[in-house]
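Below are the chains, spelled out letter by letter.
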Amino acid sequence: MSNNLSKPSRASLFSHLYIEECVKNNLLTKEIIQKFSKSKIIYIKHYKDIFNRPNQDFSVQSKSKNLILAKREAPFLYKGSFYSDGFEFENFFYTPSILGCLYDCEYCYLSGMYNSANNVLFVNTKDFFNALLPHLDKPTLVAISYDTDTLAIEFLAHTTKQWINYAKQEHNLHLEIRTKSANFKAVSSIKASKQIVLAWTLSPQKIIDLYEHKTPSLNARLKAIQEAIDANWQVRVSIDPVIYNEEFLLLYPPLVDKLFTVIQANKLFELTLGSFRMSATHLKRIKKLKRSDIAFYPYEVNNGIVSYNKSIEQYILDIMIKQATKYIKKEKIRTWQLQ
Amino acid sequence: MIYLIIAHYAEAEPIIQKYKLKRIHLFAYTVFTNDDIKLILCKMGIDNALMATSVLLGHFLPTKHDLLINIGLCGANKITVGQALLIHKITYKNHSYFPDILFEHSLIETDLITSDTAVESILNSPVDMEAYGIYKAASKFLKAHQMLFLKIVSDNFEPQTITKELAKQLITKNLEKLENIIALAKHTFKKDIIFSVKEKKLIQDISAYLTKAQTDTFLDACYYYKFHRNNSLHVSNIKIPITRLTKQQRSSYVKQLIQTLTS
């Protein structure tokens, strides 16, 4: 057992690093320890001993997130979620190479799915690639940013970069990289590829201020999108989830206008539109955090999914599609609606 | 409320005096209390600590705004006697607990081993005899960030050198640190009160007319209103029914409540 005394220090991002004993000699682990030289290091047997503890407070932890470094064991891939678009790929997976997100969006399902607001980084990235190999005999879409925002946390382990470089070796591997970050420069040195879609989620600035804590501003995201498009990347913009309230008309159609004032419509790969929806189980847990009006809206529940009632959902889509088609062909717009 | 779990009277005495705590009896335990603090003497050892913590918290039922602090002495290697330590990992045999320390502080943080007996051989980590039992019991009542373990180094694995007088001196010397830690933790985890007493009464009065499912829906709408409007429920125009409602009237009344609060 090591003498784990550390000198007094100020809390900062990742004031504590929890490190599985089995990865303490891993090269990436050592690099991260160097980056966070002021953090206290606590050795653990298994990441679930920290991440899955039953008596954690997600809201309180959100203000002071810590980092867990671990080795992932199978499964390395999950079938794509029902709540998300699989873009007609026969093979559609998402991969949990990082758990938890640096951002703190009040409507995010992660706060209803995980006990902890901490982040887990699995340092054995190659095992994820190996798990994909048997599926790569046909076109396969992998979403690498479902349970996290990999670009937001890119400075840690260059996870996005590693995935992109791997995709470039495997012609059947297609990646969707969702983000709210403005961190295009993290991948700007890589040549754009048709196998990869960078997908930015946008919200009106007022919604960002109210609900998307710690995320970059709308303008910063738009700037990053412009940079990615200028570098010939395929960029999908998601105005999804739309958060409905009495200011919907004041906030969302102008967002579409702003998007296409900054971005040339013909340069956009796709536009995704969708209103808020979530598994009822996740929402039930988010309600317990008692921190957001979004959790307490009187949604409809159908087959375990909560969403705005059909007429509001349709109204949102109609307005958004009408606004978007002023700039972009309908064929380039994808929507998510409860069937 | 601050719940203090302390093994011996000698360690507790400076705190009892500083905060002018009054002695009460709680089952077989001696408890010292004022409006903000409840201090229990648990005696030495994991089992004693576990039982005393269960009794204290089980009796007073802490809320999410409360804090538990175990303050006591520990043996440690190469750390000056009198040094205060804040514990982030407590290990007993092969199992560990991890209190969340989510606020900035100026203390030394370290892991801790809880032992069944006084330890005379030198170990790398500080050693006490209660923390594991306290965490085990308290975790049934409190979140990981509500439990703090403040240990004062009393000896370098020479337990025979500890006297009651030394214990008192060491705790007295660190009283300010205890106070600072309480202030820091309370400030960091201060949660806004969502509903005022008056609003709670209004919700309760209206709920008396509703079924359980309707009450849940109504309460959700109240939360929505508070978070969304940041206004008092009293300006929302919701009214308590004057007479008993029929089933149909109740449905229509609830619909109207939800509409008022969420539109």
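Notes on the structure in this doc start here. Everything numeric here is computed off the predicted structure, so don't read it as measured data.

## Here's the deal with the overall build of chain B
Assigned secondary structure in chain B consists of eight helices and 10 strands. For 263 residues, the compact-globule estimate of 2.2 N^0.38 gives 18 Å, and the C-alpha radius of gyration of chain B, at 24 Å, exceeds that figure by more than 25%. Principal axes of the C-alpha set define a box for chain B whose edges measure 75 × 35 × 35 Å. A total of 263 residues make up chain B; the buried ones form 55% of that total. Sequence-distant contacts in chain B: of pairs separated by 6 or more residues, those separated by 24 or more amount to 68%. Of the roughly 12,800 Å² of accessible surface on chain B, a fraction of 53% belongs to carbon and sulfur atoms.

## Comments concerning the sheet that holds strand β17 (residues 305–307) of chain A
All names here are of chain A. The sheet built from three strands is open, its strands ordered β15-β17-β16 with antiparallel pairing. Two strands close off the open sheet at either side, each with one partner strand: β15 (277–279) and β16 (300–302). Neighbouring strand axes in the sheet, compared pairwise and without regard to direction, differ in orientation by 25 degrees on average. Pairing of β16 with β17, which is carried by three bridges, proceeds in the antiparallel orientation. Residue pairing across strands places valine 301 opposite valine 306, the latter belonging to β17.

## Thoughts on the packing of aromatic side chains
Across all of its chains, the model carries 34 aromatic pairs over all chains by this definition. Judged by centre distance (5.2 Å) and plane angle (35 degrees), the ring pair of phenylalanine 276 of chain A and tyrosine 299 of chain A falls under tilted. Of the two residues, phenylalanine 276 of chain A is situated in the loop between β14 (270–275) and β15 and tyrosine 299 of chain A in the loop between α11 (280–289) and β16; the sequence distance between them amounts to 23 residues. Owing to a relative accessible area of 2%, phenylalanine 276 of chain A belongs among the buried residues under this scheme. Overall, the relative accessible area of 12% leaves tyrosine 299 of chain A in the buried class. When the ring of tyrosine 297 of chain A is compared with that of tyrosine 308 of chain A, the centres are 5.1 Å apart and the planes differ by 85 degrees; the resulting orientation is edge-to-face. Taken together, the residues tyrosine 297 of chain A in the loop between α11 and β16 and tyrosine 308 of chain A in the loop between β17 and α12 (310–324) connect sequence positions 11 residues apart. Taken together through their ring pairs, the aromatic side chains of Tyr244, Phe248, Tyr252, Phe276, Tyr297, Tyr299, Tyr308 and Tyr315 of chain A together with Tyr224 of chain B make up a single cluster.

## Considerations on unusual backbone geometry
Generally, phi is negative for residues other than glycine and the peptide bonds are trans, each holding for most cases. With an omega dihedral of 5 degrees, the bond running from alanine 74 of chain A to proline 75 of chain A counts as a cis peptide bond. Its location among the elements puts proline 75 of chain A in the loop between β3 (67–70) and β4 (78–79). In this model, phenylalanine 14 of chain A sits at a positive phi of 55 degrees, which is unusual for a non-glycine residue. Within the fold, phenylalanine 14 of chain A resides in the segment before β1 (16–20). If you check the backbone angles, asparagine 230 of chain B has positive phi at about 55 degrees while not being a glycine. Relative to the helices and strands, asparagine 230 of chain B resides in the loop between α7 (212–229) and α8 (247–262).

## Examining the side chain of histidine 145 of chain B
One can find histidine 145 of chain B in the loop between α3 (131–138) and β10 (147–155). Setting aside chain neighbours within four positions, we find histidine 145 of chain B in contact with Asp57 and Val60 of chain A together with Leu67, Asp100, Leu102 and Phe189 of chain B.

## A look at helix α9 (residues 218–230) of chain A
Residues and elements named next belong to chain A. Between its first and last C-alpha, α9 extends 18 Å over 13 residues, near the 18 Å set by a 1.5 Å rise per residue. For α9, every residue scored as buried is listed here: Leu218, Arg221, Leu222, Ala224, Ile225, Ala228 and Ile229. Buried residues of α9, seen end-on, are gathered within an arc of 160 degrees and therefore sit on one face of the element. Those residues of α9 that are exposed and aimed more than 90 degrees away from the buried face are Lys223 and Asp230.

## Regarding the environment of aspartate 128 of chain B
Residue and element names in this part refer to chain B. Along the polypeptide, aspartate 128 turns up in strand β9 (residues 127–128). When the C-alpha positions of aspartate 128 and lysine 18 are compared, they lie 24 Å apart, and in sequence the two are 110 residues distant. A distance of 2.8 Å separates a polar atom in the side chain of aspartate 128 from a polar atom in the side chain of lysine 151.

## What to know about the pattern of salt bridges
All names here are of chain A. Considering all chains together, one arrives at 22 salt bridges over all chains under this definition. Aspartate 104 serves as the salt-bridge partner of arginine 291, at 2.8 Å between the closest nitrogen and oxygen. Of this pair, arginine 291 sits in the loop between α11 and β16 while aspartate 104 sits in strand β7 (residues 104–105), and the two are 187 residues apart along the sequence. Assessed through its relative accessible area of 8%, aspartate 104 is described here as buried. Overlapping salt bridges bring together Glu176, Arg178, Arg236, Glu270 and Arg334 as one network.

## A few points about the packing of helix α10 (residues 248–262) of chain A against α12 of chain A
Residues and elements named next belong to chain A. The geometry of α10 relative to α12 is characterised by a closest axis approach of 9 Å and an angle of 35 degrees between their N-to-C directions. As for the relative orientation of α10 and α12, their crossing is right-handed in sense. Within the contact between the two elements, α10 uses Phe248, Leu249, Tyr252, Pro253, Val256 and Asp257 and α12 uses Tyr315, Ile316, Ile319, Met320, Gln323 and Ala324.

## Some thoughts on helix α6 (residues 197–207) of chain B
Residues and elements named next belong to chain B. Here α6 has its buried residues at Glu199, Leu202, Ile203, Ile206 and Ser207. Looking down the long axis of α6, one finds its buried residues gathered within 130 degrees of arc, a one-sided arrangement. Those residues of α6 that are exposed and aimed more than 90 degrees away from the buried face are Val197, Lys198 and Gln204. Along its buried surface, α6 packs onto α7 and α8.

Parameters at a glance
- Residues numbered from 1 in each chain as written.
- Chains lettered and ligands numbered in written order.
- Predicted model: local features only at pLDDT ≥ 70, side-chain atom pairs only at ≥ 80, totals over all residues.
- Heavy atoms only, no water.
- Helix = DSSP H or I, 4+ residues; strand = E, 2+ residues; numbered from the N terminus.
- Rg over C-alpha atoms; globule rule 2.2 N^0.38 Å.
- Buried < 20%, exposed > 50% of the residue type's maximum accessible area, 1.4 Å probe, protein only.
- Contact = heavy atoms within 4.5 Å.
- Areas by Shrake-Rupley, 256 points an atom, 1.4 Å probe, with all protein chains shown as cover.
- Pairing = 2+ DSSP bridges.
- Axes fitted to C-alpha atoms, helices over the stretch in contact; angles between N-to-C directions.
- Phe/Tyr/Trp six-rings, centres within 6.5 Å; stacked < 30°, edge-to-face > 60°.
- Expected span 1.5 Å × (residues − 1).
- Arc of directions from axis to C-beta.
- Polar contact = N/O pair within 3.5 Å; in protein donor to acceptor, adjacent residues only side chain to side chain.
- Salt bridge = Lys/Arg side-chain N within 4 Å of Asp/Glu carboxyl O.
- Left-handed = near helix turned anticlockwise from the far one by under 90°.

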